[in-house]
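# Reading the structure
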Protein chains: 2
Amino acid sequence: MTTEASRSRIQTRNRQAILDAALDEFSARGFAGVTIDRIAAAAGLSKPNVLYYFASKQAIHRALLDGLLDLWLAPLREMDPGGDPQHEVLAYVRKKLALSQSHPRESRLFANEVLQGAGHLGPVLQEDLAALVADRAAVISRWIAQGRIAPVDPHHLIFSIWALTQHYADFEVQVRAVLGPGHDPYAEAGAFLDMLYRRLLAV
Amino acid sequence: MTTEASRSRIQTRNRQAILDAALDEFSARGFAGVTIDRIAAAAGLSKPNVLYYFASKQAIHRALLDGLLDLWLAPLREMDPGGDPQHEVLAYVRKKLALSQSHPRESRLFANEVLQGAGHLGPVLQEDLAALVADRAAVISRWIAQGRIAPVDPHHLIFSIWALTQHYADFEVQVRAVLGPGHDPYAEAGAFLDMLYRRLLAV
DNA sequence: GCGGGAATTGACCATTTGGTCAGGATCACG
DNA sequence: CGTGATCCTGACCAAATGGTCAATTCCCGC
């Protein structure tokens, strides 16, 4: 097993360059649309050298996908069952939107993957993801039962947050085409979503 | 120019079979992930025969994309500026959700395309789409000015409708993984979205 | 500064794939 | 039925691509 510490400086640098280049490529073209040559060029390496660090194109893709779900779900994990319901949901929305803004490539990689049937993510989705959501949905249900937020379907509330926040990363070209220049999509989205969830959840 | 009427029965049938098979494939794997052979097999034809009907793989893809935007935007076009604001928005949401349910492949094809930079759709997006949205945003702004719905950013209101409805088609595997069996995602989504937009727009 | 493992590469290979083409089968129609 | 146009196919090609490998260069600890 190659541990993180056991890697030389060159290893670390080149592996990182490859993963970064690959994230660019895969998120913008999908798995099949990418060639190892492109990744190599973008990383400033030769093709055989890329294959010296990763066994195959698949392996690069997998390395990228591993851990992606963790990053993606972190904000949901951070939702505090003991906090103020309305504040917790709004905080989640804001964090998720910030994630779309700071990690649009990851968002698109994820979208590409799910869109195309989630081959590699499939099992993880049904286990980890479903479990986490079930847990959070239960928390939200409790808040509703206590009359602290308005009644809504907790699952679809979560879906709505995913859809609304990821939309700005995944459909960025469309958003920009529609808004035209001179707009800050994320700033406007922040205000809009804040208002939306305030009104939706107000008792 | 080959007009619709000038096509023989065989032409019509085979072109249709090819487009249908290609829609399956492209929506599920993206442009690069599809081979002409796969399309041919799915359509029950040989590869050269497919190329007898379409000049290239690109041509099939383009044929699919042409007209897609029209289908996609039809419900927005149907929004009646003279109607009741709240009813018009809710009707739009319902139609768009119904479209996701009845045409998930088209939704995913569109998502794939936009996600990957909208190469072919790009120009159309900036012209037709931007113009239509600008027009509808103006209508919504008027409704707000008249105090007939609550104040919201019209552009982001429209984005939210796209995001929330298309999510159920584009991320279907995720939605199903989270909900588990025994759920009717679209029925639940219909109720949820109805409530969401009622609360958002209530004066 | 040197020895050995790590890093890198040019050349190469097999397979896949988009696309062509010449000819054969089939159909519509007089 | 016959004939011309439409429809279809097997065989083929060139380019692209994932991946291999032997040989070479580089780097780091001694």
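Named according to an unreviewed UniProt entry, chain A is TetR family transcriptional regulator originating from Paracoccus sphaerophysae.

Scanning the model with the defined rule gives 22 salt bridges over all chains in all. Linking R108 of chain B and E172 of chain B is a salt bridge whose minimum nitrogen-to-oxygen distance equals 3.4 Å. Of the two residues, R108 of chain B sits in helix 7 (residues 104-115) while E172 of chain B sits in helix 10 (residues 172-179), which places them 64 residues apart along the sequence. For R108 of chain B, a relative accessible area of 16% corresponds to the buried category. Looking at E172 of chain B, the relative accessible area reads 22%, which means it is partly exposed. Where salt bridges share partners, they join D20, D24 and R105 of chain A into one cluster.

Attention now goes to the packing of aromatic side chains. Here the structure, examined in full by the defined rule, presents 12 aromatic pairs over all chains. Each ring, one from W72 of chain A and one from F110 of chain A, has its centre 6.2 Å from the other, and the planes form 40 degrees; the classification is tilted. With a gap of 38 residues between them, W72 of chain A in helix 5 (residues 68-77) and F110 of chain A in helix 7 (residues 104-115) connect regions that are remote in the sequence. Taken together, a centroid distance of 6.2 Å and an interplanar angle of 85 degrees make the contact between F159 of chain A and Y168 of chain B edge-to-face. Within this pair, whereas F159 of chain A is found in helix 9 (residues 154-170), its partner Y168 of chain B is found in helix 9 (residues 154-170), the two belonging to separate chains. By way of ring pairs, the aromatic residues F159 and W162 of chain A together with Y168 and Y186 of chain B are connected into one cluster.

Bringing the protein's contact with DNA strand D into the picture now. With respect to spatial proximity, 17 residues lie near DNA strand D, and among them K47 of chain A together with S8, Q11, N14 and Y53 of chain B are the closest. The share of sugar and phosphate among atoms of DNA strand D within 4 Å of the protein is 58%. V34 of chain A is positioned such that a nitrogen or oxygen atom in its backbone is 3.2 Å from a phosphate oxygen of DNA strand D. One nitrogen or oxygen atom from the main chain of K57 of chain A is found 2.9 Å from a phosphate oxygen belonging to DNA strand D.

Right, let's talk about the protein's contact with DNA strand C for a bit. In the region of DNA strand C, 17 residues are neighbours, and S8, Q11, S46 and Y53 of chain A together with K47 of chain B sit closest. Within 4 Å of the protein, the contacting atoms of DNA strand C are drawn from sugar and phosphate to the extent of 60%. For DNA strand C, a phosphate oxygen lies 2.5 Å from a polar atom in the side chain of Y53 of chain A. One of the backbone N or O atoms of I36 of chain B is found 3.0 Å from a phosphate oxygen in DNA strand C. Taken together, the elements giving at least two residues each to the surface near DNA strand C come down to helix 1 (9-29) and helix 3 (47-53) of chain A together with helix 3 (47-53) of chain B. The element best represented in the surface near DNA strand C is helix 3 of chain A, accounting for 4 residues.

Moving on, we come to the relation of the copies chain B and chain A. Superposition of chain B onto chain A requires a rotation of 180 degrees combined with a translation of 0.0 Å along the rotation axis, giving an RMSD of 0.1 Å. What the rotation and shift describe, once combined, is the action of a two-fold rotation axis. Most of the interface of chain B is mirrored in chain A: 100% of its interface residues are interface residues there too.

Listed under "DNA-binding region" (unreviewed entry) in the UniProt record, and renumbered for this structure, are residues 35-54 of chain A. Taken as a whole, residues 35-54 of chain A contains 75% helix and 0% strand, while its terminal C-alpha atoms sit 14 Å from one another.

Another point: the interface of chain B and chain A. Listed per partner, the contact involves 51 residues of chain B and 51 residues of chain A. Approximately 4400 Å² of surface area, both sides summed, lies buried where chain B meets chain A, with 72% of it carried by carbon and sulfur atoms. Contact with chain A buries area across many residues of chain B, yet L115, H156 and R199 of chain B alone supply 16% of it, more than any other trio. Our count for the chain B to chain A interface comes out at 0 salt bridges. Counting the contacts that link chain B with chain A gives 10 residue pairs in polar contact (both at pLDDT 80 or more). For the side of chain B that touches chain A, the elements supplying multiple residues, two or more each, are helix 1 (9-29), helix 7, helix 8 (122-145), helix 9, helix 10 and helix 11 (185-201) of chain B. Looking at the side of chain B that touches chain A, the element that brings in the most residues is helix 9 of chain B, giving 12 residues. A breakdown of the residues in the side of chain B that touches chain A according to their chemical character gives 32 nonpolar, 13 polar and 6 charged.

Parameters at a glance
Residues numbered from 1 in each chain as written. Chains lettered and ligands numbered in written order. Predicted model: local features only at pLDDT ≥ 70, side-chain atom pairs only at ≥ 80, totals over all residues. Heavy atoms only, no water. Salt bridge = Lys/Arg side-chain N within 4 Å of Asp/Glu carboxyl O. Helix = DSSP H or I, 4+ residues; strand = E, 2+ residues; numbered from the N terminus. Buried < 20%, exposed > 50% of the residue type's maximum accessible area, 1.4 Å probe, protein only. Phe/Tyr/Trp six-rings, centres within 6.5 Å; stacked < 30°, edge-to-face > 60°. Near = heavy atom within 4 Å. Polar contact = N/O pair within 3.5 Å; in protein donor to acceptor, adjacent residues only side chain to side chain. Least-squares fit on C-alpha atoms with pLDDT ≥ 70 in both. Contact = heavy atoms within 4.5 Å. UniProt positions renumbered as here; feature names shortened; annotations may be inferred. Buried area = accessible area lost by both parts, 1.4 Å probe. Nonpolar A, V, L, I, M, F, W, Y, C, P; charged D, E, K, R; others polar.

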